Amino acid sequence: MANQIYSIIMKKIWWKEAVIYQIYPRSFYDSNGDGIGDLQGIIQKLDYLSDLGVDVLWLSPIFASPNLDNGYDISDYRMIMPEFGTMADFEELLAQAHHRGLKVILDLVVNHSSDQHQWFQESRAASDNPYSDYYIWKDEIPNDWQSFFGGPAWTYDDQRQAYYLHLFTSHQPDLNWEHPALRAEIYDMMNFWYDKGIDGFRMDVIPLISKDQSYPDAVSDNFDQVIFHNYANGPRLHEYLQEMHQQSSGRYDVMTVGECIGVTDQNCMMYVDERRKELNMLYHFEHMSLDTENGEKYSRTSYHLSDFKRIFQKWDEALGAQGWYNVFLDNHDFPRMVSRFGDGGAYRLQSAKLLATMLLTLRGTPCIYQGSEIGMTNVSLSQIEEADDIWAHNYYHEQLAKGDAPAGIMARINACGRDNARTPVQWSAEHHAGFTTASAPWLKVNPNYTEINVAQAEADEQSILLFYKRLLALRKAYPTLIYGAFTQRMPEHESLFIYERHDDAGHFLVLLNFSADEVEHVQDISVEAELIMHNYDSPGAASFLRAWEARVYNYSVKFEIKQ
Ligand code: GLC
Ligand code: CA
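Residues numbered from 1 in each chain as written. Chains lettered and ligands numbered in written order. Predicted model: local features only at pLDDT ≥ 70, side-chain atom pairs only at ≥ 80, totals over all residues. Heavy atoms only, no water.

### Let's talk about the coordination of the calcium ion (ligand 2)
Quick note on the threshold: Listed donors are limited to N, O and S atoms within 2.8 Å of the metal, widened to 3.2 Å for Na, K and Ca; water is not among them, so incomplete-looking sites are possible. Here the term buried applies to any residue with accessible area under 20% of the maximum for its type, exposed to any over 50%, and partly exposed to those in between, with areas from a 1.4 Å probe on protein chains only.
Donor atoms from the polypeptide that bind the calcium ion (ligand 2) are D30 (OD), N32 (OD1), D34 (OD), I36 (O) and D38 (OD), placed at 2.2 to 2.3 Å. Of note, the donors binding the calcium ion (ligand 2) are all from one chain and are spaced D-x1-N-x1-D-x1-I-x1-D. Neither residue differs from the other here; I36 and D38 are each classed as buried.

### Brief notes about the domain arrangement of the protein chain
We count it as follows: Where each domain begins and ends is defined by an automated method or by a domain database. We call two residues in contact when some of their heavy atoms are within 4.5 Å. The buried area of a pairing is the accessible area, by a 1.4 Å probe, that goes missing from both parts when the two are put together, added over both. The working definition used for a salt bridge is a side-chain nitrogen of Lys or Arg within 4 Å of a carboxyl oxygen of Asp or Glu.
Taken domain by domain, the protein chain consists of domain 1 (17-113 + 180-464), domain 2 (118-165) and domain 3 (483-554). Taken over C-alpha atoms, the centre of domain 1 sits 29 Å from the centre of domain 3. With 25 residues of domain 1 at the contact, the number on the domain 3 side is 27 residues. Here domain 1 packs against domain 3, burying approximately 2,200 Å² in sum over the two surfaces, 62% of which is carbon and sulfur. When the buried surface of domain 1 facing domain 3 is broken down by residue, L305, K309 and L354 rank first, second and third, together holding 28% of it. The interface formed by domain 1 and domain 3 contains one salt bridge. Two residues, E492 and R310, come together in a salt bridge whose shortest N-O distance is 3.4 Å.

### So, the packing of aromatic side chains
Applicable threshold: Pairing of aromatic rings covers Phe, Tyr and Trp, the last counted by its six-membered ring, and requires centre-to-centre distances within 6.5 Å; plane angles under 30 degrees mean stacked, over 60 mean edge-to-face, and any other angle means tilted. Per the convention used, a helix needs a DSSP run of H or I reaching at least four residues, while a strand needs a run of E reaching at least two, with both numbered from the N terminus. Comment: the charge-over-ring label is applied if NZ (Lys) or CZ (Arg) is within 6 Å of the ring centre and within 35 degrees of the ring normal.
Applying the stated criterion to the full structure yields 49 aromatic pairs. Pairing W177 with Y240 gives two aromatic rings, centres 5.7 Å apart and planes at 40°, and the pair type is tilted. Taken together, the residues span a long stretch of sequence, with W177 in the loop between β8 (162-165) and α7 (180-196) and Y240 in helix α9 (residues 237-247) at a distance of 63 residues. Residue class for W177 comes out buried when judged on its relative accessible area of 1%. A relative accessible area of 0% places Y240 in the buried class. What links up through ring pairs into an aromatic cluster is the set W145, F148, F149, W154, F168, Y215, F223, Y231, Y298, W391 and Y395. The ring of W427 carries the charged tip of K45 above its face, separated from the ring centre by 4.1 Å. Over the ring of F192 we find R78; its NZ or CZ atom is 5.1 Å from the centre of that ring.

### Here we look at the nonpolar core
Worth spelling out the cut-off: We define the nonpolar core as a collection of buried residues of types Ala, Val, Leu, Ile, Met, Phe, Trp, Tyr and Cys that are connected through side-chain atoms lying within 4.5 Å of one another.
Core analysis: the largest hydrophobic core is formed by 174 residues, its most contacted members being Y21, L59, F90, L106, W177, M358 and F514. Dropping the residues within four chain positions of it, W177 is found in contact with V110, L182, R183, I186, Y187, I209, Y240 and M244. In this structure, L509, V519, L545 and Y553 belong to the second largest nonpolar core, which totals 10 residues.

### Considering the site of ligand 1
Rules: When at least one non-hydrogen atom of a residue lies within 4 Å of a molecule or strand, that residue is treated as near it. Polar contacts here mean pairs of N or O atoms no more than 3.5 Å apart (in protein, one a potential hydrogen donor and the other a potential acceptor; neighbouring residues in sequence count only if both atoms are side-chain atoms). Only the protein chains shown count as cover for residues, with accessible areas throughout obtained via the Shrake-Rupley method and a probe of 1.4 Å. Any residue that is not Ala, Val, Leu, Ile, Met, Phe, Trp, Tyr, Cys, Pro, Asp, Glu, Lys or Arg is counted as polar, Gly included; the first ten are nonpolar and the last four charged.
Taken together, 13 residues are adjacent to ligand 1, and D69, H112, D204, H332 and D333 come closest. Within the side chain of H332, one N or O atom sits 2.8 Å away from an oxygen atom of ligand 1. Between ligand 1 and R418, the relevant distance is 3.0 Å, taken from an oxygen atom to a side-chain nitrogen or oxygen of the residue. A total of 310 Å² of accessible area belongs to ligand 1 in isolation, and the protein chains cover 96% of it. Class assignment for the residues of the shell around ligand 1 results in four nonpolar, two polar and seven charged.

### Section: the confidence of the model for the protein chain
Applicable threshold: The predictor rates its confidence in each residue with pLDDT, a number between 0 and 100.
Scored by pLDDT, the protein chain comes out at a mean of 96, with 97% of its residues at no less than 70. This model gives residues 559-563 a pLDDT under 50, and the stretch forms 14 contacts once residues within four places in sequence are excluded.

### Quick look at the sheet that holds strand β6 (residues 137-138)
Worth spelling out the cut-off: Between any two strands, at least two bridges found by DSSP are needed for them to pair.
Pairing is antiparallel across the open sheet formed by three strands, whose spatial order is β6-β8-β7. With one partner strand each, in any of the chains shown, β6 and β7 (154-157) form the two edges of the open sheet. Examined bridge by bridge, β7 and β8 share four bridges and lie antiparallel to one another. By the bridge assignment for β8, W154 is matched with L165.

### Observations concerning the state of the cysteines
What counts, and what does not: Note on disulfides: each one is a pair of cysteine sulfur atoms within 2.5 Å.
Taken as a whole and assessed by the stated rule, the structure comprises zero disulfides. For the unlinked cysteine C268, the closest cysteine sulfur is that of C260, found at 9.1 Å.

### Description of helix α8 (residues 223-231)
So the rule is basically this: To be clear, the arc concerns the directions from the helix axis to the C-beta atoms.
Along α8, the residues that are buried comprise V226, I227, N230 and Y231. Angular distribution of buried residues about the axis of α8 spans 105°; they occupy a single face of the element. N-cap assignment for α8: the residue whose side-chain oxygen lies 2.9 Å from the backbone N of D224 is N222. One or two steps after α8, the chain reaches N233, where phi turns positive at roughly 60°.

### Description of unusual backbone geometry
Positive phi, close to 65°, is recorded for N67, a residue that is not glycine. On the basis of relative accessibility, which here comes to 15%, the residue N67 falls in the buried class. A positive phi is found at H432, a non-glycine position, where the angle reads about 50°. The residue H432 is located in the loop between α16 (419-422) and α17 (454-459) in this model.

Structure below.
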């Protein structure tokens, strides 16, 4: 299976060839000096993005929202958040992006809305109005479900005098997909955006939309298991996704990306097998919980590289020729990838380039999160007041109540928290990293902006930014890096990740040393091989990889490498 040349049968299509760049608008660039990133700020940076060489911009939610969960709590799906701009600003952004050949996808957050949404306001008011069944109401709490951000998933509403379900905060009530009028309303809203010309949607926690109507208790104490068995993959999920495709996305030439929490290599094809007409691609979280205890957000354990590699191997096999996914190592919900999977200290430069090499040479649509292209790192907050994320605040107070010391809690928040990824993009060494002219940005800039910033990277021949540009150009030049089969070498090795990408059109060998030690790679590199990417400026000993060294070889001739 792993050696199969999929590209012979694999359908070639733009969204497999694209590279996504995720923008968290609040932190991207502030154009009007109020301390908050905005749509005009994105417009001003479009040349930067097109010059980088990415193809699709995914914007985290830009819709009206009270911002309890920074836009993932939407109060009006058809309105732009005033802090970000107006509908005219959005239309200008879309036109300017398209003009540069960039596509734009938006965030579809339809497992839940904000409790400030008019639908919820009406729904809580009475049990016999058109919106009564838009949410999930129960007279008694039916089970022991806990919300993702801590605390019970059911909250009593005084007005309606019933309990409603919220898998996230109590201000994010879950929508009732069992109700046909709600579903029709969602598809209509999606078409409203498609008709404006957007190029697709990233779908927030989409596997959660169908609920088991018997509302059973949680299967286990392990939250990953609860997500898989209780929250995700509900009985009518695939019916809904097919209906959504028929009523909406399938009518346009767009891409759909499922944020597939609770989906494994065993059931992924149910979502993305192209013959099923549900989603184009998904992203999963298996490698993102490898270094956690039982899927606990604020825990960090060591992990084996062989397990990390096995995850990529088994997903590549599971998706085969008919499925597709995203490759990502960080986003707005996780720590910075260089601090987590690389070395954010002494080997920041090498390890950020190594991770970039991996991200852009695996089979799948890569997703680059803003700031990773300059190697932005985690931030260190000294007290909870400096944190913005509701999840961090909830966790802090929960742990404090259990008697935990503040310093220990902050250490875990700093290692695992979402604010790491949400600090403003570091554009220059100027005040507040050139992100804003306001006296203070909405979230503190990482103090390392004086060294790590775009202006510095643009002036430096050895920068991570330039390395990304070269990798992005390489991926465009060689379709083998997109469609070619993925074959691992030495899968059990605990420091090296070595693989080939190959098909009838080409053959590449990627060597990555995930450690600060010099390691012998035992690969017999043929003399015909051309070293086309390298994160050190000099070659080094032929059979060894230095600390965090990454190399990509292009083979002009067929070759065999010994295990
Ligand atoms: C997704 C988003 C995350 C959000 C949650 C609830 O996981 O990526 O940021 O908090 O869904 O919408
Ligand atoms: Ca602004």
